[in-house]
Amino acid sequence: MSASNSRRAKRLALCATAIGAALAMNAAQAVVVNVDFSGNPLSTVPFDINGVYIDVVTGALSAASFTGYDINPYFSGSGGATPAFRLFLPSTGGAVVAGGTIAASLVPGAVVDGSATFANGVINAHQASVPVTSYFGFRFINEQTSATNYGYLVVRQTANPAVAGSIRVLGYSYENAGAAITVTAVPEPSTLLMMLSGLVAAAGLRLRRRAALQQGG
């Protein structure tokens, strides 16, 4: 092999190594998927034992069970029993629990990963202090990759004991490469209202200033 061919081969090898490293780095990057249920009528959990069925990967919601669903928020109780908000997760998934079968409401900054304690099946998820926005960590089998993924469900509760219309699923987030996910806070409705009011006030101030400048010019 000539000296020029040898140098060319070395450069190609270096390029291949660099490209391979870049691809490996890109594949290792965590990809967080956020799903917002705002405006979806089923985001308010039906007040019955069926509730709503959610497929995490496709974002599908249904009032009837379907093959491949991952999470089923619903209400317990019949007759004289006091309904309680619950989550049902198939054996392919599970929710983070804190003692017994009570689902822990995680705090922003909490990490959901393989080191967490998960429970499958029926898990009580109602919170004693309301109104409150709760974050329930979960794991599930991603049907597109067959890998175990981690995420968290965001739920708004306005009454305890629960009543019709008191539980809304605001959305959820999950990490689609199998890595850990960190819970990120969703602004409370009062905070959103304050932010909106501030934006409206700022916009009004800008309009008044512009009108004053135009009149002065």
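In case you missed it, the structure is sitting above this.
Rules used throughout
- Residues numbered from 1 in each chain as written.
- Predicted model: local features only at pLDDT ≥ 70, side-chain atom pairs only at ≥ 80, totals over all residues.
- Heavy atoms only, no water.
- Helix = DSSP H or I, 4+ residues; strand = E, 2+ residues; numbered from the N terminus.
- Buried < 20%, exposed > 50% of the residue type's maximum accessible area, 1.4 Å probe, protein only.
- Core = buried A, V, L, I, M, F, W, Y, C linked by side-chain atoms within 4.5 Å.
- Contact = heavy atoms within 4.5 Å.
- Pairing = 2+ DSSP bridges.
- Phe/Tyr/Trp six-rings, centres within 6.5 Å; stacked < 30°, edge-to-face > 60°.
- Axes fitted to C-alpha atoms, helices over the stretch in contact; angles between N-to-C directions.

A. Here's a closer look at the overall build of the protein chain. Scanning the protein chain from terminus to terminus reveals two helices and 13 strands. Among the 217 residues that make up the protein chain, the fraction classed as buried is 33%.

B. Expanded view of the nonpolar core. The biggest cluster of nonpolar side chains holds 28 residues, and the ones touching the most others in it are Phe 85 and Leu 153. Taken together, the elements giving at least two residues each to this core come down to strand S5 (85-89), strand S10 (132-141), strand S11 (148-157) and strand S12 (167-175). Considering each element in turn, this core owes the most residues, four residues, to S12. Setting aside chain neighbours within four positions, we find Phe 85 in contact with Val 45, Pro 73, Tyr 74, Phe 75, Asn 124, Ala 125, His 126, Phe 136, Val 155 and Ile 167. Counting twelve residues, the second-largest nonpolar core is a separate cluster that includes Ala 104, Val 112, Tyr 152 and Val 154.

C. Inspection of the environment of Val 112 at higher detail. Structurally, the position occupied by Val 112 is in strand S7 (residues 111-112). With 71 residues separating them in the primary sequence, Val 112 and Val 183 have C-alpha atoms 7.7 Å apart. Excluding its chain neighbours within four sequence positions, the residues that come into contact with Val 112 are Val 96, Leu 106, Phe 118, Gly 137, Phe 138, Tyr 150, Gly 151, Ala 180, Ile 181 and Val 183.

D. Main features of the side chain of Ser 43. Within the secondary structure, Ser 43 sits in the loop between strand S1 (32-36) and strand S2 (53-54). If we skip the residues at most four places from it in the chain, Ser 43 touches Phe 37, Leu 61, Ile 167, Arg 168 and Val 169.

E. Examining the sheet that holds S12 more closely. The sheet built from six strands is open, its strands ordered S1-S12-S11-S10-S6-S8 with antiparallel pairing. At either margin of the open sheet sits one strand with a lone partner, and together these are S1 and strand S8 (118-119).

F. Seen up close, the packing of aromatic side chains. Per the stated rule, a full pass over the model turns up ten aromatic pairs. Judged by centre distance (5.5 Å) and plane angle (80 degrees), the rings of Phe 140 and Tyr 174 are edge-to-face. Here Tyr 174 lies in strand S12 and Phe 140 lies in strand S10, a separation of 34 residues in the sequence. Judged by relative accessible area, which is 1%, Phe 140 ranks as buried.

G. Molecular detail of the environment of Ala 119. Along the polypeptide, Ala 119 turns up in strand S8. Taking the C-alpha atoms as reference points, Ala 119 and Gly 93, separated by 26 residues in sequence, lie 8.1 Å from one another. Residue contacts for Ala 119: discarding those within four places in its chain leaves Gly 94, Ala 95 and Val 97.

H. Here's a closer look at the sheet that holds strand S4 (residues 72-75). With antiparallel pairing, the three strands of this open sheet are ordered in space as S4-S5-S9. Each edge of the open sheet is held by one strand with a lone partner, namely S4 and strand S9 (121-124). For this sheet, the mean inter-axis angle between neighbouring strands, taken without regard to orientation, is 30 degrees. Sheet analysis places S4 next to S5, joined by four bridges and oriented antiparallel. When the sheet's bridge partners are listed, Pro 73 is paired in S5 with Leu 87.

I. Main features of the pairing of S10. Judged by how many residues are buried, S10 sits mostly within the fold: seven of ten residues are covered. Bridge count between strand S6 (residues 94-96) and S10: two bridges; the pairing is antiparallel. Residue pairing across strands places Ala 95 opposite Phe 138, the latter belonging to S10. Direction of pairing for S10 relative to S11: antiparallel, over a ladder of ten bridges. When the sheet's bridge partners are listed, Tyr 135 is paired in S11 with Val 154.

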